[in-house]
Amino acid sequence: MSAPELGRWFNIEERPAEMLLTGCAGLGLLEKQDGRYRNTPLADTFLARSARYYFGGFVRMLNQRLYTGWDKLPEAVRTNKPTTWDPDK
């Protein structure tokens, strides 16, 4: 999927879609080829719900309980505005 496609899929602007995809690629979860992203073998093994060794539920639990700084990530992606500082300053 490309950044514009992801943006349309999640109803977000292209810039945060590209940032999200680039971040996931930097973590080794996605690979980019010809402007399109796809899962790496690592993501297919541990983050695809149908995978034998699916680990996503544990990651979501850690996100909800341990990483409070990530609480506003969906808002940041949805609104295309920073959430870690006052954007008016």
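These figures come from a predicted structure and were not determined experimentally. (Residues numbered from 1 in each chain as written. Predicted model: local features only at pLDDT ≥ 70, side-chain atom pairs only at ≥ 80, totals over all residues. Heavy atoms only, no water.)

Undergrad: Help me understand the overall build of the chain in this model?
TA: Within the chain one finds 5 helices and 2 strands. Along its sequence from the N terminus, the chain presents helices and strands in the succession α-α-β-β-α-α-α. Per-residue burial over the chain gives 20% buried out of 89 residues. Looking at the chain as shown, the accessible area adds up to about 7100 Å², and 56% of this sits on carbon and sulfur atoms. (Helix = DSSP H or I, 4+ residues; strand = E, 2+ residues; numbered from the N terminus. Buried < 20%, exposed > 50% of the residue type's maximum accessible area, 1.4 Å probe, protein only. Areas by Shrake-Rupley, 256 points an atom, 1.4 Å probe, with all protein chains shown as cover.)

Undergrad: What should I look at first to understand the environment of Arg78 in this one?
TA: By the element assignment, Arg78 lies in helix H5 (residues 73-79). Sequence-wise, Arg78 and Pro16 are 62 residues apart; in three dimensions their C-alpha atoms are separated by 7.9 Å.

Undergrad: Mind showing me how you'd approach the nonpolar core here?
TA: Nonpolar side chains in soluble globular proteins tend to be buried together. Listed in full, the 8 residues of the largest apolar core are Ala3, Leu6, Ile12, Ala17, Leu21, Leu30, Tyr37 and Val77. When residues of this core are traced back to their parent elements, those giving at least two are helix H1 (3-10) and helix H2 (14-26). Among all residues touching Leu6, those that are not within four sequence positions of it are Met1, Ile12, Ala17 and Leu21. (Core = buried A, V, L, I, M, F, W, Y, C linked by side-chain atoms within 4.5 Å. Contact = heavy atoms within 4.5 Å.)

Undergrad: Explain H1 here, please?
TA: Count 3.6 residues to each turn of an α-helix, and residues three or four apart come out pointing the same way. Of the positions making up H1, those classed as buried are Ala3, Leu6 and Gly7. Around the axis of H1, the buried residues are gathered within 105° of arc, so they sit on the same side. Exposed and oriented more than 90 degrees from the buried face of H1 are Arg8 and Trp9. Against H2 lie the buried residues of H1. (Arc of directions from axis to C-beta.)

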